[in-house]
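Coordinates in review
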Amino acid sequence: MRETKRFDRRQFLGALTWGIGALISAGLGIPAVAYVIGPALQRKEAQDWIRIGSTTKVELGTPTLFKARVTRRAGWIENEEELSAYVRTDNGRDFIAMSNICTHLGCRVRWVSGEQKFFCPCHNGVFDKDGNVLAGPPPRALDRFEIKVEDEQLFILGG
Ligand code: FES
């Protein structure tokens, strides 16, 4: 009878030791695994509105180039990059924002006031003031950004 009691106590202590060990392992292991694989499992975050500058900088009828620095995160990697957009308005209230990246092979287009056109230096792509293709190999108009105005500040939706 005494032998059985000792055996039960030994079993109990063994099980208790394993249980405590499992709890400690789970307590340390689960957060560690979550830390390591968490960023890779995150869904792409919603795009943010990026402040690019004041509405007062935009000359009526003339596309004006704005630049902003943006930090993007993909998994564990964080990159800072420059975002550029041409903003145009004809009335000072309604604005459009266009990418300055050519839709052919990605060179940067430049607005030439004298010609009232965007020119791409790489393969002579030409776009009108709304970003529509006028000549050259670009397959489509310049990409647009969503744009909004708050307190005379321009914001574009980061792409
Ligand atoms: S990259 Fe602009 S025309 Fe080719």
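Here's a quick rundown of the structure. (Residues numbered from 1 in each chain as written. Predicted model: local features only at pLDDT ≥ 70, side-chain atom pairs only at ≥ 80, totals over all residues. Heavy atoms only, no water.)

**As for the overall build of the protein chain**
Inclusion rule: Each helix corresponds to a stretch of at least 4 residues labelled H or I by DSSP, and each strand to a stretch of at least 2 residues labelled E; elements are numbered beginning at the N terminus. Each residue is placed in one exposure class: buried if its accessible area under a 1.4 Å probe, protein chains only, is under 20% of its type's maximum, exposed if it is over 50%, and partly exposed if it falls in between. In what follows, residue pairs with any heavy atoms lying within 4.5 Å of each other are defined as contacts.
Scanning the protein chain for helices and strands turns up one helix and eleven strands. What you see in the protein chain, going N to C, is helices and strands ordered as α-β-β-β-β-β-β-β-β-β-β-β. The proportion of buried residues among the 159 residues of the protein chain is 29%. Sequence-distant contacts in the protein chain: of pairs separated by 6 or more residues, those separated by 24 or more amount to 48%.

**Some points on the pairing of strand β4 (residues 95–99)**
Formally: Two strands pair under a simple rule: DSSP has to find at least two bridges between them.
With respect to burial, β4 is a largely interior element, four of its five residues being buried. Here strand β3 (residues 77–89) runs beside β4; their pairing, made up of five bridges, is antiparallel. In the strand pairing of β4, arginine 88 is matched with isoleucine 96. Where β3 hands over to β4, the hairpin turn is made up of five residues, of which glycine 92 adopts a positive phi near 80 degrees. Taken together, the two bridges between β4 and strand β9 (residues 144–145) define a ladder with antiparallel strand orientation. Across the sheet, alanine 97 pairs through a bridge with phenylalanine 145, a residue of β9.

**Some details on the nonpolar core**
Rules: Here, nonpolar core refers to any group of buried Ala, Val, Leu, Ile, Met, Phe, Trp, Tyr and Cys residues whose side-chain atoms link them within 4.5 Å.
Grouped together as the largest cluster of nonpolar side chains are 14 residues, with contacts concentrated most on Ile52, Val87, Leu154 and Ile156. Of all elements in the fold, only β1 (49–54), β2 (64–74), β3, β4 and β11 (153–157) reach the threshold of two or more residues within this core. What isoleucine 52 contacts, discounting residues up to four positions off in sequence, is Phe66, Lys67, Ala68, Val87, Leu154 and Ile156. One finds Met98, Cys102, Cys107 and Phe118 within the second-largest nonpolar core, a separate group that totals ten residues.

**Thoughts on the pairing of strand β6 (residues 117–120)**
Burial of the side chains of β6 is restricted to one face: Phe118 and Cys120 are buried, whereas none of Lys117 and Phe119 on the reverse face is. The pairing of strand β5 (residues 110–112) with β6 spans three bridges and is classified as antiparallel. Residue pairing for β6: arginine 110 is matched across the bridge by phenylalanine 119. If you look at the hairpin formed by β5 and β6, you'll find four residues sitting between the two strands, and glutamine 116 has a positive phi there, around 60 degrees. Examined bridge by bridge, β6 and strand β7 (residues 125–127) share three bridges and lie antiparallel to one another.

**Some details on unusual backbone geometry**
In the Ramachandran plot, asparagine 124 falls in the positive-phi region, its phi being about 60 degrees despite a non-glycine side chain. As for its placement among the helices and strands, asparagine 124 is situated in the loop between β6 and β7. Using a relative accessible area of 59% as the deciding quantity, one classes asparagine 124 as exposed. At glutamate 152, a position not held by glycine, the phi torsion is positive, near 65 degrees. Considering the arrangement of structural elements, one finds glutamate 152 in the loop between β10 (147–150) and β11.

Geometric descriptors of this kind do not, in isolation, establish any biological role.
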